[in-house]
Amino acid sequence: MREVAPDLRGATPALLPLRARGLTLEIGGKRLVDGIDLDLGGDGITVVLGPNGAGKSLLLRMLHGLIQPTAGEIHWGGHPLTTDVRRRQALVFQKPVLLRRSVAANLDFVLRGRDGSARRRALLDHVGLGGHAAQPARQLSGGEQQRLALARALATEPQVLFLDEPTASLDPASVLKIEEIVRGAAAHGARIILVSHDLGQARRLADEVVFLANGRLVEHGPAARFFDNPASGAARDYLAGRLVV
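Residues numbered from 1 in each chain as written. Predicted model: local features only at pLDDT ≥ 70, side-chain atom pairs only at ≥ 80, totals over all residues. Heavy atoms only, no water.

**Describing the pairing of strand β4 (residues 71-76)**
Phase 1 of the analysis: Bridging between strand β1 (residues 18-27) and β4 involves 5 bridges; their strand directions are antiparallel. Along β4, the bridge assignment pairs leucine 18 with tryptophan 76.
Phase 2 of the analysis: Hairpin connection, β4 to strand β5 (residues 79-80): the antiparallel pair is bridged by 2 residues, and glycine 77 has positive phi, about 55 degrees. (Pairing = 2+ DSSP bridges. Helix = DSSP H or I, 4+ residues; strand = E, 2+ residues; numbered from the N terminus.)

**Considerations on the environment of arginine 100**
Phase 1 of the analysis: By secondary structure assignment, the location of arginine 100 is in the loop between β6 (89-92) and α3 (103-111).
Phase 2 of the analysis: Residue arginine 100 is classed as exposed on the basis of its relative accessible area of 73%.
Phase 3 of the analysis: Separated by 89 residues in sequence, arginine 100 and glycine 189 have C-alpha atoms that sit 32 Å apart. (Buried < 20%, exposed > 50% of the residue type's maximum accessible area, 1.4 Å probe, protein only.)

**So, the pairing of strand β7 (residues 160-164)**
Phase 1 of the analysis: Of all 5 residues that make up β7, 5 are buried, and the element is covered over most of its length.
Phase 2 of the analysis: Every second residue of β7 is oriented toward a common face, with Val160, Phe162 and Asp164 on one face and Leu161 and Leu163 on the other, all of them buried.
Phase 3 of the analysis: Sheet topology note: the β6/β7 ladder contains 4 bridges and is parallel. Within β7, the position partnered with glutamine 89 by the bridge is valine 160.
Phase 4 of the analysis: Pairing of β7 with strand β8 (residues 191-195) involves 5 bridges; the strand directions are parallel. The partner of valine 160 across the bridge, within β8, is arginine 191.
Phase 5 of the analysis: This β-α-β element, β7 to helix α6 (residues 172-187) to β8, shows right-handed connectivity. (Right-handed = clockwise from strand over helix to strand, strands pointing away.)

**Examining the sheet that holds strand β10 (residues 216-222)**
Phase 1 of the analysis: Ordered by their spatial adjacency, 6 strands build an open sheet running β6-β7-β8-β3-β9-β10, and the pairing between neighbours is mixed. Since the sheet does not close on itself, it has two edges, and those belong to β6 and β10, each with one partner. Averaged over all adjacent pairs, the angle separating strand axes in this sheet is 15 degrees, with direction ignored.
Phase 2 of the analysis: Strands in contact with helix α1 (residues 56-64) are β3 (45-49), β6, β7, β8 and β9 (208-213); relative to β7, the strand with the most contacts, it is inclined by about 155 degrees.
Phase 3 of the analysis: Along the sheet face, helix α5 (residues 142-155) touches β6 and β7 and points at about 175 degrees away from the line of β6. (Axes fitted to C-alpha atoms, helices over the stretch in contact; angles between N-to-C directions. Contact = heavy atoms within 4.5 Å.)

**Comments concerning the domain arrangement of the chain**
Phase 1 of the analysis: When the domains of the chain are assigned, the result is domain 1 (42-67 + 80-88 + 158-245) and domain 2 (99-156).
Phase 2 of the analysis: Centre-to-centre, using C-alpha coordinates, domain 1 lies 25 Å away from domain 2.
Phase 3 of the analysis: Between domain 1 and domain 2, the buried area comes to about 900 Å², and carbon and sulfur atoms account for 77% of it.
Phase 4 of the analysis: Of all residues in domain 1, Pro158, Ile178 and Ile181 bury the most surface against domain 2, accounting for 50% of the area lost on that side. (Domains from an automatic or database assignment. Buried area = accessible area lost by both parts, 1.4 Å probe.)

Here you go:
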């Protein structure tokens with residue numbers, strides 16, 4: 001795949017480090033996220049792991065500003081989570097939301113004339129959709145739709161790219177193609193924060209792991225340490241397949 005992402009290392013003003021303190025989310029009297037403190041900095045890929053209902057996707061949405069926490073604060077690069085900060089981030093959902101237009105038109109909507117058709121062609125080639133520009137986006141396969149969603153996210157040149165289970169229910173070939181795109185974005189300086197339920201994917205991609213259980217941050221550290229020597233019983237049970245709900 002062609003590399004089309006600009007190198008974002010050194011881009012200013014920088015969004016990293018992330019500093020979140022006391023993040024709490026209560027809905028209907030139930031505490032779903034419970035007092036999370038989290039610091040992220042530097043380059044690389046952070047994979048957020050945990051059993052179903054641990055609060056992984058909710059944490060991602062709070063960090064991106066889609067959900068307002070009940071309590072706590074979030075600072076990106078020393079600044080609060082403002083609209084300007086969000087413009088320098090992108091989020092790709094598990095099920096991509098595509099416009100009822102062609103593949104090319106979905107990208108043009110994001111590019112809004114920036115770099116014109118050359119940039120669009122380069123992005124589509126980069127994600128392996130160069131021959132699908134005129135095809136209705138919603139007629140693509142699931143893996144192709146997710147690659148188009150990634151192309152749209154990369155078109156905004158995000159400093160931080162959030163991915164919420166981007167390969168769930170996809171075939172192995174599609175998973176590997178998407179992982180290649182994610183690695184490329186990270187290599188060009190985008191900070192990746194990825195929620196996954198796939199331990200194999202986490203082992204392949206993660207530089208560090210954030211492990212949640214019951215809405216709480218249980219472990220946060222280098223991926224090798226987490227997989228080889230988890231510090232908590234909850235993490236050990238999760239890796240052994242004993243903690244799933």
